[in-house]
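# Report on the structure
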Amino acid sequence: MNYRTILSGFVPVEYGDFFHLYRINDRGFVIYCEHDNIVSCIELCSFSIISPVMLAEIIGLDMNTLKDADEFSFPVKCSRQQIISYLFDVSAKETNVKMKHVSGLQGYLLKSIVQDKVNKDSYRNIFQFDTTKGKARLLFDDRQCLASIRTDKSGPFCVCWNPILFFGLDKSGDPDSTGLLLASSSPLLVEYVLSKMPLDRSVQIITGENYYEALVFVVMLIQSRDLPYKLAISSDSMHVTVQFSDWPTPQKVLNFISAVNKRIPDGYEKLSCLMVNKKTFLQIPLLKSYLKSMLSVYTDLLQSDSIYVSL
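Presented here is a report on the structure given in the accompanying data block. (Residues numbered from 1 in each chain as written. Predicted model: local features only at pLDDT ≥ 70, side-chain atom pairs only at ≥ 80, totals over all residues. Heavy atoms only, no water.)

This brings us to the overall build of the protein. Helix and strand counts for the protein stand at 8 helices and 18 strands. Per-residue burial for the protein yields a buried fraction of 45% across its 311 residues. If you take every contact in the protein between residues at least 6 apart in sequence, the share linking residues at least 24 apart comes to 57%. Approximately 16500 Å² of the protein is accessible, and the part contributed by carbon and sulfur atoms is 50%. Where the 32 positive side-chain charges of the protein centre and where its 33 negative ones centre are 5 Å apart. (Helix = DSSP H or I, 4+ residues; strand = E, 2+ residues; numbered from the N terminus. Buried < 20%, exposed > 50% of the residue type's maximum accessible area, 1.4 Å probe, protein only. Contact = heavy atoms within 4.5 Å. Areas by Shrake-Rupley, 256 points an atom, 1.4 Å probe, with all protein chains shown as cover. Lys, Arg positive; Asp, Glu negative; His and termini not counted. Charge placed at Lys NZ, Arg CZ, Asp CG, Glu CD.)

Throughout the structure, instances matching the rule amount to 7 salt bridges. In this structure, the salt-bridge partner of Arg 23 is Asp 141, at a minimum N-O distance of 3.0 Å. Separated by 118 residues along the polypeptide, Arg 23 in strand E2 (residues 19–24) and Asp 141 in the loop between strand E9 (135–138) and strand E10 (145–149) bring together distant segments of the chain. Residue classification places Arg 23 among the partly exposed positions, given a relative accessible area of 41%. Note on Asp 141: relative accessible area 17%, which makes it buried. Notably, a salt bridge pairs Glu 43 with Arg 27, separated by 2.6 Å at the nearest N-O pair. Of the two residues, Glu 43 is situated in strand E4 (residues 38–43) and Arg 27 in strand E3 (residues 27–35); the sequence distance between them amounts to 16 residues. A relative accessible area of 5% means that Glu 43 is categorised as buried. Classification of Arg 27 as partly exposed rests on a relative accessible area of 31%. (Salt bridge = Lys/Arg side-chain N within 4 Å of Asp/Glu carboxyl O.)

The subject of this paragraph is the packing of aromatic side chains. Counted under the stated rule, the structure contains 17 aromatic pairs. With a centroid separation of 4.8 Å and 80° between ring planes, the pair formed by Tyr 108 and Phe 166 is classed as edge-to-face. On the criterion of sequence distance, the pair formed by Tyr 108 in strand E7 (residues 106–112) and Phe 166 in helix H4 (residues 163–172) is long-range, its members being 58 residues apart. The two residues Tyr 108 and Phe 166 agree in class, both being buried. Pairing Phe 244 with Trp 247 gives two aromatic rings, centres 5.0 Å apart and planes at 85°, and the pair type is edge-to-face. Each member of the pair, Phe 244 together with Trp 247, is buried. Three or more aromatic residues joined by ring pairs form one cluster here, namely Tyr 229, Phe 244, Trp 247, Phe 256 and Tyr 298. When the ring centre of Phe 72 is taken as origin, the NZ or CZ atom of Arg 4, which lies over that ring, is 4.7 Å away. (Phe/Tyr/Trp six-rings, centres within 6.5 Å; stacked < 30°, edge-to-face > 60°. Lys NZ or Arg CZ within 6 Å of the ring centre and 35° of its normal.)

Right, let's talk about a nonpolar patch on the surface for a bit. A surface patch of nonpolar side chains, amounting to about 260 Å² of accessible area, comprises Met 1, Val 53 and Met 63. Its place among the elements puts Met 1 in the segment before helix H1 (3–6). (Patch = residues over 30% accessible without salt bridge, like charges linked within 9 Å, V, L, I, M, F, W, Y side chains within 5 Å.)

Moving on to the pairing of strand E18 (residues 307–310). By the alternation rule, side chains of E18 split into Ile 307 and Val 309, which are all buried, and Tyr 308 and Ser 310, of which none is buried. Of the pairings in the sheet, the one linking strand E13 (residues 203–206) to E18 comprises 4 bridges and is parallel in character. Note that in E18 the partner of Ile 206 across the bridge is Ser 310. (Pairing = 2+ DSSP bridges.)

Right, let's talk about the environment of His 239 for a bit. Position of His 239 among the secondary structure elements: in strand E15 (residues 239–245). The class for His 239 is partly exposed, based on a relative accessible area of 24%. In sequence terms His 239 and Leu 286 are 47 residues apart; their C-alpha atoms lie 4.7 Å from each other. Excluding residues within four positions of it along the chain, His 239 makes contact with Ser 234, Gln 283, Ile 284, Pro 285 and Leu 286.

Right, let's talk about the sheet that holds E4 for a bit. Spatially, E1-E2-E3-E4-E5 is the arrangement adopted by the 5 strands of the open sheet, whose pairing is antiparallel. Every other strand in the sheet has two partners, leaving strand E1 (14–15) and strand E5 (48–49) as the edge strands with one partner each. Across 2 bridges, E4 lies against E5 in antiparallel orientation. Within E5, the position partnered with Ile 42 by the bridge is Ile 49. In the packing of helix H3 (residues 80–88) onto the sheet, contacts are made with E2, E3, E4 and E5, and the angle to E3 comes to roughly 135°. (Axes fitted to C-alpha atoms, helices over the stretch in contact; angles between N-to-C directions.)

Scope: geometric values only; no functional claims are made or implied.
What follows is the structure in structure tokens.
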């Protein structure tokens, strides 16, 4: 089995003299030649090298139906690190914000929390943005990564998930603050960030429209600092499920849900708690109007001088 066998039914979205770039099932793969007669594949979610067998399983192919085929042949050899450098393709100017040569868009390079074995400062994503159109997007698949500014300062930590907001922090934010741009609200990423925050530093969470990401961050921050009114949350493609953990009284939970319902816009169905196995849950539609209402009531309830949420 080889990569040509696996990818025979797929057309690369970009050709090069030393690599082919594929997008399959919303995942990115780069095929390239590092040594003579040896072809490799990098999956862009972690920039790790994967075997043909793993690739077949990831893209959902039945290996028993595949026929043998010749391997790819590339006229130019290229190392794994050269491939990564080529994909990023940013200007070398010594500023936090970079310029992508191909698109001409500005962006921030994001470092993975899983440090590269060869180069611990290797980057794993670019958060591109256009301030004129107000648009932003992650270029690659790895969401366990972040950008930071002013890490040597002693003021508050400012956290956001939007590079345009981060650009504002970078250019005109509190000069004594530390700024963090997160690619996601992955528990691994949030836990990594929390491990870097001393308990005596305040935290300002700038939500933009990333209400779910901010809610996850606040919930994990409350847990890490052992503050009252803890929650546990999970989500699927339709709902966010909230579990109330060790709240003072059941009436506090009911009052909280009632307060959320008062802030939900007119025309939206109101929420009610669910009891399962003597545990109290709240199921919220995965919509910004609901999540914003939930987050605003929760942050008001906390009344913490060290945690500020900007909606």
